[in-house]
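Analysis of the macromolecular model
Given next are the chains, with one letter for each unit.
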Amino acid sequence: MPYTMSEDGTIESITMYHEGGSGNMIRAVYDDNGSGKPGSRIAVTTIATANNSSGWQTIDLTVPAEINAGQTIWLAWVYENNPGIRYETCTPGRVDAGASWSGGMPDSYGGGTKANYIYSIYATYCG
């Protein structure tokens, strides 16, 4: 999911809403590649176990990410076992890399398919 920062800040964690699940997950922050898709990985979380009940789950980044005002970032995730993720049809849309759990979170996002879905995910930052 893309987001353009309104001010300079440091991203500390990523929170996402999911249904109850099992297995592990990883989240990451990517920069924009200049053509409206994720580019290079800026920061990543550790591997965390998915909550077994539905709700918001926060994972800290291994190293906080310094982001500049006006910079577009992409919040990304991968689940070992999809716990069920809520979304609605809307823009700006997401980019699905088509990668599986075994791929982890690559340094470069690579290609992907863009579609008009938005998810309940956000980053916590200090300005």
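Residues numbered from 1 in each chain as written. Predicted model: local features only at pLDDT ≥ 70, side-chain atom pairs only at ≥ 80, totals over all residues. Heavy atoms only, no water.

So, about the side chain of Arg-94. Take Arg-94: it is sitting in strand S8 (residues 87-96). Of the side chains with opposite charge, Asp-96 lies nearest to the buried Arg-94, which makes no salt bridge, at 4.4 Å. At 3.2 Å, the side chain of Arg-94 and the backbone oxygen of Thr-113 are in polar contact. When near neighbours in sequence (up to four residues on either side) are disregarded, Arg-94 contacts Met-1, Trp-74, Thr-113, Lys-114, Ala-115, Tyr-117 and Tyr-119. (Helix = DSSP H or I, 4+ residues; strand = E, 2+ residues; numbered from the N terminus. Buried < 20%, exposed > 50% of the residue type's maximum accessible area, 1.4 Å probe, protein only. Lys, Arg positive; Asp, Glu negative; His and termini not counted. Salt bridge = Lys/Arg side-chain N within 4 Å of Asp/Glu carboxyl O. Polar contact = N/O pair within 3.5 Å; in protein donor to acceptor, adjacent residues only side chain to side chain. Contact = heavy atoms within 4.5 Å.)

What follows deals with the sheet that holds strand S2 (residues 9-18). The antiparallel open sheet is built from 3 strands, whose spatial order is S6-S2-S10. Among the strands making up the open sheet, the edge pair consists of strand S6 (55-67) and strand S10 (121-126). If you compare each strand with its neighbour and ignore which way they point, the axes differ by 25° on average. Here 6 bridges tie S2 to S10, and the two strands are oriented antiparallel to one another. (Pairing = 2+ DSSP bridges. Axes fitted to C-alpha atoms, helices over the stretch in contact; angles between N-to-C directions.)

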